[in-house]
Amino acid sequence: MHTFDRDRRQSVLLTVSQMAEADRLSVVAGVSSFALMSNAGEAVAREIQRRWTPRPLVVLCGPGNNGGDGFVTAHRLAEAGWPVTLAMWGDPSALKGEAKQHAQRWQGAVHTLSPAVLEGAELIVDAVFGAGLARALQGPVLETLTAAGRGNAPIIAIDIPSGVMGDTGESLGAVAAVLTVPFFRKKPGHLLQPGRALCGDVVVADIGTPETVLDTLVPQTYENHPRLWLSDLPPIATQDRAPRCAGVLPLDEDEFRQKFAFSGDSLTRTRAAAQSCSRVVVLEGGDTVIAAPDGQAIINSNTPSNRAGASVVSRSIIHGLQAQGMPALSAAAAGMWLHGAAIAEFGPGFSAQDWPAVLPVLLRGLVN
Ligand SMILES: NC(=O)C1=CN([C@@H]2O[C@H](COP(=O)(O)OP(=O)(O)OC[C@H]3O[C@@H](n4cnc5c(N)ncnc54)[C@H](OP(=O)(O)O)[C@@H]3O)[C@@H](O)[C@H]2O)[C@H](O)CC1
Ligand SMILES: [K+]
């Protein structure tokens, strides 16, 4: 995990402040903020056109750059012949920078944000707040998004559903999207619950951010993926009952609360626990977090999101891997990922005894 190679970069998660820094570094590297926003809004339009034929679509814009992206998406889809209605929360003349420039290119009306603008909508684009969410939704924003959530029109969120905190996945009034399009990399809030469930499908768009910005940012959080640990994987032996995992402390929510008093989101709590006990800690759940004492953390995204309670199977796998010399963080990440993949492949009835038969199938899938 300590070698920051090209493959592992694909799994990086950036915090809200790291993403802002990535934007700043992109500009230094010669990609303008105007271009980043064009690329962002166009990417969202493209993802919509890939999935739906033209139909009445309402874009809900906010007062910052998330709203700016929404103006670009609206502009691009209207150019392509879609019937687009745009509504904005806040005063359009107060928009700044590239959001203002992109808003000026929008030829249609700018309606005031209210539930009434949703009338007749068959698709809704949520571009109210993204990374800049600073407090709970209220007033017309909350009323309009709540009405959108109650209706039948699918919601597409630009960057992250408005109301989900990018660093923690906490919801401050968000409604569920069917599709979320973040840019460059995901943020922890796309994987931590309830954020993960509110995002629907997550499709990361390339908006021209140079990969080299990651050299400066030195991220510490990853989405679990075999590319993080495959090269550390030994042949596997398993135990048939839940063992003590020497360098790894796997805990479900109840066990965690009995042992630690940390509060906050699961990423923050697991990191704090790992640091305090100088071991790799796994907090099992629908958004399992694996954290090392040095601050590195991996969020597992292939476990069913309604999962709760301890898993004898994943603990057995972790123990088996560790017993064969796999480093603790890699063993914990591999164990959780392989368990999630096994459930997806063979169903929840899968047990530790099935493991020797299942592993080759999973490994073949990975190699292919
Ligand atoms: N690399 C990238 O990911 C890029 C992302 N882009 C897009 O930019 C947004 C982030 O833009 P930013 O302007 O920083 O933030 P927002 O648009 O999300 O919102 C900021 C404004 O919203 C106000 N705010 C925040 N929370 C609330 C609330 N609950 N109620 C009312 N108003 C709220 C905030 O007001 P303040 O008073 O707190 O200042 C701001 O006015 C990112 O999400 C992407 O969509 C770039 O376009 C391309 C690169
Ligand atoms: K949004």
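Rules behind the numbers
- Residues numbered from 1 in each chain as written.
- Chains lettered and ligands numbered in written order.
- Predicted model: local features only at pLDDT ≥ 70, side-chain atom pairs only at ≥ 80, totals over all residues.
- Heavy atoms only, no water.
- Helix = DSSP H or I, 4+ residues; strand = E, 2+ residues; numbered from the N terminus.
- Pairing = 2+ DSSP bridges.
- Contact = heavy atoms within 4.5 Å.
- Axes fitted to C-alpha atoms, helices over the stretch in contact; angles between N-to-C directions.
- Donors = N, O, S within 2.8 Å, 3.2 Å for Na, K, Ca; no water.
- Buried < 20%, exposed > 50% of the residue type's maximum accessible area, 1.4 Å probe, protein only.
- Near = heavy atom within 4 Å.
- Polar contact = N/O pair within 3.5 Å; in protein donor to acceptor, adjacent residues only side chain to side chain.
- Areas by Shrake-Rupley, 256 points an atom, 1.4 Å probe, with all protein chains shown as cover.

## Quick word on unusual backbone geometry
The amide bond that connects Gln193 to the next residue, Pro194, takes the cis arrangement and shows omega of 5 degrees. Within the element layout of this structure, Pro194 appears in the loop between β7 (179-181) and α7 (195-199). Non-glycine residue Asp159 carries a positive phi angle of around 70 degrees. Of note, Asp159 is situated in the loop between β6 (155-158) and β7.

## Regarding the sheet that holds strand β12 (residues 289-291)
Strand order in the open sheet formed by six strands is β1-β9-β13-β12-β11-β10, with mixed pairing between adjacent strands. Either end of the sheet is taken by a strand with one partner, and the two such strands are β1 (12-13) and β10 (248-251). Where β1 meets strand β9 (residues 221-223), two bridges bridge the pair, whose relative direction is antiparallel. Bridge pairing links Val12 to Tyr222 in β9. Helix-sheet contacts for helix α12 (residues 328-346) involve β10, β11 (280-283), β12 and β13 (297-299), and the interaxial angle to β11 is about 20 degrees.

## Digging into the coordination of the potassium ion (ligand 2)
Here the potassium ion (ligand 2) is held by the protein donor atoms Asn66 (OD1), Asp126 (O), Phe129 (O), Ile158 (O) and Ile160 (O), which lie 2.7 to 3.0 Å from it. Owing to a relative accessible area of 18%, Phe129 belongs among the buried residues under this scheme.

## Describing the site of ligand 1
Surrounding ligand 1, one finds 20 residues, the nearest of these being Asp23, Asp69, Gly130, Arg135 and Asp159. Gly130 has a polar backbone atom sitting 2.6 Å from an oxygen atom of ligand 1. Residue Ala134 places a main-chain N or O atom 2.9 Å away from a nitrogen atom belonging to ligand 1. Look at ligand 1: alone it shows 940 Å² of surface, and the protein chains cover 78% of it.

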